[in-house]
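These are the residues of each chain, in order.
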Amino acid sequence: MKILVDENMPYARDLFSRLGEVKAVPGRPIPLSELADADALMVRSVTKVNEALLQGTGIKFVGTATAGTDHVDEAYLQQAGIGFSAAPGCNAIAVVEYVFSSLLMLAEREGFALKDRTVGIVGVGNVGGRLQARLEALGIRTLLCDPPRADRGDDGDFRSLDELVREADVLTFHTPLFKEGPYKTLHLADDALLARLKPGTILINACRGPVVDNAALLQRLQAGQALHVVLDVWEPEPDLNVELLQHVDIGTAHIAGYTLEGKARGTTQVFEAYSEFIGKHTQIALDTLLPAPEFGRITLHGPLDQSTLKRLVHLVYDVRRDDALLRKVAGTPGEFDKLRKNYLERREWSSLYVQCDDASAAALLQQLGFNATHTPAR
Ligand SMILES: NC(=O)c1ccc[n+]([C@@H]2O[C@H](COP(=O)([O-])OP(=O)(O)OC[C@H]3O[C@@H](n4cnc5c(N)ncnc54)[C@H](O)[C@@H]3O)[C@@H](O)[C@H]2O)c1
Ligand SMILES: O=C(O)[C@H](O)[C@H](O)COP(=O)(O)O
């Protein structure tokens, strides 16, 4: 059995070699010659999986180690009888921590208290839901917009996108990319929406580039509209508009989900799905795969305020690192993908053990996802 895996998928070689012969290949472009005699294909979001790619091959199963599935023609796979699995939620924590790293940096630079801001979350699924929980743990007001969930009758105080635009100080997008249909998200943030944003609004896009009309956004920023912008995803990728990058506050190379934990969860989720598909049910415990983090243990004296939280968060992950790396190479062909392929190890907050002598600091850090304990001072 031959299994093709994207070379940018940690632990894939080790895991999938338990099931067959593994070949690691680039995902963009994927070498077509390798597909002909392969049985299974494990991709990331950069590989367009459709009839043009798979027709005439022996592929029986496709796994994508990603949350988003807009690069996969699922209707074709179903009609062709090809098994499929994505990795829902695998990197949701990573994206939430990216958003926090960005917000805490902007709050410090612009001199505002996050707890005085209202955050509008568009798309309240794995990412948006976890973001809501962590923001609310800090006493930050959230406004939620998720029409599919509202229409399904899910619990939650769902508002219209218009209301978020009117009221939110931060508007952050966490929807799938739907190019058509009742819940279309292509250019959900179009010129008309951008025009209505309150002065000083922080606009964040860490879902898919085309959810925000990048040309309209650039025009508005060039015309001097007062916005702060954080973009992890671009329209198009990998050839983003360098002028737009120059106008945003934080710009990164589609790496919001790139913690080691997030990527490893993605790999293990598709590995488990494929094992099941071929009748060899196997479960993998994530902590058996992950190495020790660079910073393992820290002691925090006293209570937790915004400035302390910012320093703690940035100890684990400071988004300015990825912003600087992208600015250095943007516009040079191939460099966007190279940054993603050679991504420096990044861990989640849970990898940091924080010993607190203040009980409320320990409780809050636990709610935020740190590995925190309370040890009273002697
Ligand atoms: N930048 C990254 O590295 C990165 C990482 C993970 C996910 N993503 C992207 O973010 C998206 C969201 O991730 P997730 O794990 O939360 O997915 P999810 O499927 O768990 O949640 C998506 C939510 O968006 C809602 N939604 C759908 N259409 C909507 C609309 N028109 N308006 C408002 N809400 C709508 C859905 O009902 C759902 O609750 C993914 O589809 C993926 O494209 C990006
Ligand atoms: O949808 C996702 O899961 C993310 O966008 C994913 O992290 C993107 O990374 P890629 O698959 O392109 O490596």
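Residues numbered from 1 in each chain as written. Chains lettered and ligands numbered in written order. Predicted model: local features only at pLDDT ≥ 70, side-chain atom pairs only at ≥ 80, totals over all residues. Heavy atoms only, no water.

1. What about the UniProt feature "binding site: substrate" (unreviewed entry) in the protein?
In plain terms, the rule: UniProt positions are given in the numbering used here, feature names are shortened, and annotations may be inferred rather than shown by experiment. Numbering of helices and strands runs from the N terminus; a helix is a DSSP stretch of H or I covering at least four residues, while a strand is a stretch of E covering at least two. Remark: exposure states derive from per-residue accessible area (1.4 Å probe, protein chains only) relative to the maximum for the residue type, with buried under 20%, exposed over 50%, and partly exposed in between. Only heavy atoms enter the contact rule, under which two residues are in contact if any of them lie within 4.5 Å.
As recorded in UniProt, the sites labelled "binding site: substrate" (unreviewed entry) are Ser45, Thr66 and Tyr258. Sequence-wise these annotated residues cover 214 residues; spatially they are packed, their C-alpha atoms never more than 12.4 Å apart. Examined against the element boundaries, Thr66 turns out to sit in the loop between β4 (61-64) and α4 (74-79). Overall, Thr66 belongs to the buried group, its relative accessible area being 6%. The contact partners of Thr66, leaving out residues within four places of it in the chain, are Arg44, Ser45, His71, Ala86, Ala87, Pro88 and Cys90. You can see Tyr258 is positioned in the loop between β11 (250-251) and α12 (260-277). The residues touching Tyr258, leaving out its near neighbours within four places in the chain, are Asn8, Arg44, Ala94, Lys263, Arg340, Tyr343 and Arg346.

2. A short note on the sheet that holds strand β5 (residues 83-85)
To be explicit about the condition: For two strands to be treated as a pair, DSSP must find no fewer than two bridges joining them. Helix axes are fitted only over the stretch in contact, all axes being lines through C-alpha atoms; the angle between N-to-C directions runs from 0 to 180 degrees.
Spatial ordering of the open sheet is given by β2-β1-β3-β4-β5, a layout of 5 strands whose pairing is parallel. At either margin of the open sheet sits one strand with a lone partner, and together these are β2 (21-25) and β5. Neighbour-to-neighbour, the strand axes of this sheet turn through a mean angle of 15°, independent of strand direction. Summarising the sheet, strand β1 (residues 2-6) and strand β3 (residues 40-43) pair through 3 bridges and their orientation is parallel. By the bridge assignment for β3, Leu4 is matched with Leu41. Contacts from α12 reach β1, β3, β4 and β5 within the one sheet, and its direction differs from that of β4 by about 160°.

3. Some remarks on the site of ligand 1
Note the threshold: Residues are labelled near a given molecule or strand when at least one of their non-hydrogen atoms is within 4 Å of it. The definition of a polar contact used here is a pair of N or O atoms within 3.5 Å, where within protein one atom must be able to donate a hydrogen and the other to accept one, and adjacent residues in sequence count solely through side-chain atom pairs. The protein chains shown are the only cover counted for residues, whose accessible areas, like all others here, come from Shrake-Rupley with a 1.4 Å probe. Three categories are distinguished: nonpolar for Ala, Val, Leu, Ile, Met, Phe, Trp, Tyr, Cys and Pro, charged for Asp, Glu, Lys and Arg, and polar for the others, with Gly belonging to the last.
The full set close to ligand 1 counts 29 residues, and Asn126, Val127, Asp146, Asp232 and Gly257 are the nearest of them. In this structure, Asp146 approaches ligand 1 through a side-chain N or O atom, which is 2.6 Å from an oxygen atom. Asp232 has a polar side-chain atom sitting 2.8 Å from a nitrogen atom of ligand 1. Relative to its free-state accessible area of 850 Å², ligand 1 is covered by the protein chains to the extent of 89%. Contributions of two or more residues to the shell around ligand 1 are made by α6 (126-137) and α7 (147-152). For the shell around ligand 1, the leading source of residues is α7, giving 3 residues. Its residues assigned to classes, the shell around ligand 1 shows 15 nonpolar, 10 polar and 4 charged.

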